[in-house]
Amino acid sequence: MAKKLVIKVTAGADAPERCSQAFTVAAVAVASGVEVSLWLTGESSWFALPGRAAEFELPHAAPLPDLIDSVLAAGRITLCTQCAARREITEKDVIEGVRIAGAQVFVSEAMADGTQALVY
């Protein structure tokens, strides 16, 4: 089993099932003791902002704020630098614990020994 899981979520409210799956897998992995790094890109970038996850609804899915809290409690959430810039999101705007980093950091994490990467 991989020691670390890097998940990139590209979907937001535009593809709610895919979005929810990414956050659910990340939260379950954290709860299972796996080191998780969740990357917010594209439309999921908005969920780095306070209150935005509470606006997301998907029947029969765990509430997105709860999943985010689970990941932040024992994992890491990163907002893509370019995605943040395109949306005029800065470090002072994001939820406490969310960092902003670029492709170099993503590639470094994804290529590390013992790491499995997933993209949703």
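The rules we used
- Residues numbered from 1 in each chain as written.
- Predicted model: local features only at pLDDT ≥ 70, side-chain atom pairs only at ≥ 80, totals over all residues.
- Heavy atoms only, no water.
- Helix = DSSP H or I, 4+ residues; strand = E, 2+ residues; numbered from the N terminus.
- Rg over C-alpha atoms; globule rule 2.2 N^0.38 Å.
- Buried < 20%, exposed > 50% of the residue type's maximum accessible area, 1.4 Å probe, protein only.
- Contact = heavy atoms within 4.5 Å.
- Areas by Shrake-Rupley, 256 points an atom, 1.4 Å probe, with all protein chains shown as cover.
- Lys, Arg positive; Asp, Glu negative; His and termini not counted.
- Charge placed at Lys NZ, Arg CZ, Asp CG, Glu CD.
- Pairing = 2+ DSSP bridges.
- Right-handed = clockwise from strand over helix to strand, strands pointing away.
- Axes fitted to C-alpha atoms, helices over the stretch in contact; angles between N-to-C directions.

Peer 1: What am I meant to see in the overall build of the protein chain here?
Peer 2: Summing up its helical and strand segments, the protein chain has four helices and five strands in all. Written out in order from the N terminus, the α and β elements of the protein chain read β-α-β-α-β-α-β-α-β. The C-alpha atoms of the protein chain give a radius of gyration of 13 Å, which matches the 14 Å a tight globule of 120 residues would have. Along the three orthogonal principal directions, the C-alpha set of the protein chain runs to about 35 × 35 × 25 Å. The buried share of the protein chain, taken over its 120 residues, is 42%. Taking contacts inside the protein chain between residues at least 6 apart in sequence as the whole, the part at least 24 apart equals 70%. Counting only carbon and sulfur atoms, one obtains 52% of the accessible surface of the protein chain, whose full area is about 6,500 Å². Between the centroid of the 10 positive side chains of the protein chain and the centroid of its 14 negative side chains there is a distance of 7 Å.

Peer 1: It is not clear to me how the pairing of strand E4 (residues 98-101) should be interpreted in this structure. Could you clarify?
Peer 2: The pairing of strand E3 (residues 76-80) with E4 spans four bridges and is parallel. Directly across from isoleucine 77, in E4, lies its bridge partner valine 98. Considered for its hand, the β-α-β crossover made up of E3, helix H3 (residues 81-86) and E4 is right-handed.

Peer 1: Just to check I follow, could you spell out the sheet that holds strand E5 (residues 115-119) for this structure?
Peer 2: Strand pairs in the sheet, formed through backbone hydrogen bonds, run parallel or antiparallel to each other. The five strands lie next to each other as E4-E3-E2-E1-E5, forming an open sheet whose pairing is parallel. With partners counted over all chains shown, the strands left at the sheet margins are E4 and E5, one partner each. Strand after strand, the sheet turns through a mean of 25 degrees between neighbouring axes, direction not considered. Across five bridges, strand E1 (residues 4-9) lies against E5 in parallel orientation. Along E5, the bridge assignment pairs lysine 8 with valine 119. Its contacts with the sheet place helix H1 (residues 16-31) against E1, strand E2 (35-40) and E5, and it is angled at close to 165 degrees to E1. Helix H4 (residues 103-111) contacts E1, E2, E3, E4 and E5 of the sheet and is inclined by roughly 140 degrees relative to E1.

Peer 1: Explain unusual backbone geometry here, please?
Peer 2: The general pattern is negative phi for most residues beyond glycine and trans for most peptide bonds. Its identity is not glycine, yet histidine 60 carries a phi of approximately 65 degrees, on the positive side. Summarising the element assignment, histidine 60 is placed in the loop between E2 and helix H2 (64-74). Here histidine 60 falls in the exposed class, since its relative accessible area comes to 87%. Phi angles above zero are rare outside glycine, and glutamate 88 is one such case at about 55 degrees. Considering the arrangement of structural elements, one finds glutamate 88 in the loop between H3 and E4. Given a relative accessible area of 69%, glutamate 88 falls into the exposed group.

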